[in-house]
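# Descriptive analysis of the structure
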Amino acid sequence: MYDDNCIFCKIIKGEIPSNKIYEDDDFCVILDIAPATKGHAVLLPKHHAADVYSLPDEYLEKVLKVARKCADAMVKTLDCDGVNILQNNGEAAGQTVFHYHTHIIPRYKGDGANIGWKPMTPDDNEGLAKKIKENM
Ligand code: 5GP
Ligand code: ZN
């Protein structure tokens, strides 16, 4: 269930201090130590799984409900103008802590937070869609 070498497992167990904004039997949500914006939080399942591929369905099914609850509270508390709910899997995708987590990032007009991508021109979306579909 937990991994002794995982920083998020240690936070969940209370071995490393954190600022919790929410906790229930399955999840704990803490403020990020290096926030992208004021109020940036990370939602952690109380189960060690490296990423979305290995997180059991019982957690996955509940993640967005908890994230929305946090986003609602952020909107009420922080007077933010928007909220990003996102999640990284793998180093190439920007993941640095290998315990599944969902970022909940309040956004403020003109905050300049570096989240997003530079759109590119798609190369054969039709063929690509066909190929991906085959593996569904
Ligand atoms: P990732 O890059 O893996 O998607 O996100 C990991 C997040 O965890 C980062 O935003 C990072 O700032 C945050 N983080 C890493 N270590 C700690 C910690 O010890 N405490 C808290 N509260 N956040 C952490
Ligand atoms: Zn862990």
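Everything below is about the structure shown above.
Since the model is a prediction, treat every value here as computed from it, not as a measurement. (Residues numbered from 1 in each chain as written. Chains lettered and ligands numbered in written order. Predicted model: local features only at pLDDT ≥ 70, side-chain atom pairs only at ≥ 80, totals over all residues. Heavy atoms only, no water.)

Now for the overall build of the protein chain. A count of helical and extended segments in the protein chain gives three helices and five strands. N-terminal to C-terminal, the α/β element order of the protein chain is α-β-β-β-α-β-β-α. Seen through its principal axes, the protein chain has C-alpha atoms that stretch 50 × 40 × 25 Å. For the protein chain, buried positions account for 34% of its 136 residues. Considering only contacts in the protein chain between residues 6 or more positions apart, those separated by 24 or more positions represent 55%. Roughly 9200 Å² of accessible area belongs to the protein chain as shown, and the carbon and sulfur atoms make up 52% of that amount. Each charge sign in the protein chain was given a centre, from 16 positive and 21 negative side chains, and these centres are 5 Å apart. (Helix = DSSP H or I, 4+ residues; strand = E, 2+ residues; numbered from the N terminus. Buried < 20%, exposed > 50% of the residue type's maximum accessible area, 1.4 Å probe, protein only. Contact = heavy atoms within 4.5 Å. Areas by Shrake-Rupley, 256 points an atom, 1.4 Å probe, with all protein chains shown as cover. Lys, Arg positive; Asp, Glu negative; His and termini not counted. Charge placed at Lys NZ, Arg CZ, Asp CG, Glu CD.)

In this section: the sheet that holds strand E5 (residues 102–107). Read from one edge of the open sheet, five strands run E1-E2-E3-E5-E4, paired in antiparallel fashion. Edge positions in the sheet fall to strand E1 (20–23) and strand E4 (82–86), since each has one partner strand and no second. Averaged over all pairs of adjacent strands, the angle between strand axes in this sheet comes to 15°, irrespective of strand direction. Against the sheet, helix H2 (residues 57–78) contacts E1, strand E2 (27–31), strand E3 (41–45), E4 and E5, and its axis sits at roughly 20° relative to E5. (Pairing = 2+ DSSP bridges. Axes fitted to C-alpha atoms, helices over the stretch in contact; angles between N-to-C directions.)

Our focus in this paragraph is unusual backbone geometry. One non-glycine residue, Asp 79, lies in positive phi territory at about 55°. Residue placement: Asp 79 occurs in the loop between H2 and E4. A relative accessible area of 64% places Asp 79 in the exposed class. The residue Asp 124 is not glycine, and still its phi comes out positive at about 60°. By the element assignment, Asp 124 lies in the loop between E5 and helix H3 (125–134).

Those donors, Cys 6 (SG), Cys 9 (SG), His 48 (ND1) and His 99 (ND1), are the protein atoms that reach the zinc ion (ligand 2), and they lie 2.0 to 2.3 Å from it. Of note is the zinc ion (ligand 2), whose four donor atoms meet at the metal with angles of 106 to 116° in an arrangement that counts as tetrahedral. Coordination of the zinc ion (ligand 2) draws on donor residues from a single chain, spaced C-x2-C-x38-H-x50-H in sequence. Here Cys 6 is found in the segment before helix H1 (7–13), whereas its partner His 48 is found in the loop between E3 and H2, with 42 residues between them in sequence. Residue classification places His 48 among the partly exposed positions, given a relative accessible area of 22%. (Donors = N, O, S within 2.8 Å, 3.2 Å for Na, K, Ca; no water. Tetrahedral: all angles 85-135°; square planar, octahedral: opposite > 155°, others 65-115°.)

With that settled, the discussion passes to the side chain of Asp 26. Position of Asp 26 relative to the elements: it lies in the loop between E1 and E2. Residue Asp 26 is classed as buried on the basis of its relative accessible area, which comes to 18%. In terms of polar contacts, Asp 26 uses its side chain to reach the side chain of Lys 62, at 2.8 Å. (Polar contact = N/O pair within 3.5 Å; in protein donor to acceptor, adjacent residues only side chain to side chain.)

So, about H2. With 22 residues, H2 ought to run about 32 Å at 1.5 Å a step, and its terminal C-alpha atoms sit 32 Å apart, in line with that. Taken together, the buried positions of H2 are Tyr 59, Val 63, Val 66, Ala 67, Cys 70, Ala 71 and Met 74. Its buried side turned inward, H2 meets E1, E2, E3, E4 and E5. At the exit of H2 stands Asp 79, carrying a positive phi of roughly 55°. (Expected span 1.5 Å × (residues − 1).)

Taken together, 15 residues lie around ligand 1, and Asp 32, Asn 88, Gly 94, Thr 96 and His 103 are the ones closest in. At a separation of 2.9 Å, an oxygen atom of ligand 1 approaches a polar side-chain atom of Asn 88. Between an oxygen atom of ligand 1 and a side-chain N or O atom of His 103, the distance comes to 2.8 Å. Relative to its free-state accessible area of 520 Å², ligand 1 is covered by the protein chains to the extent of 84%. (Near = heavy atom within 4 Å.)

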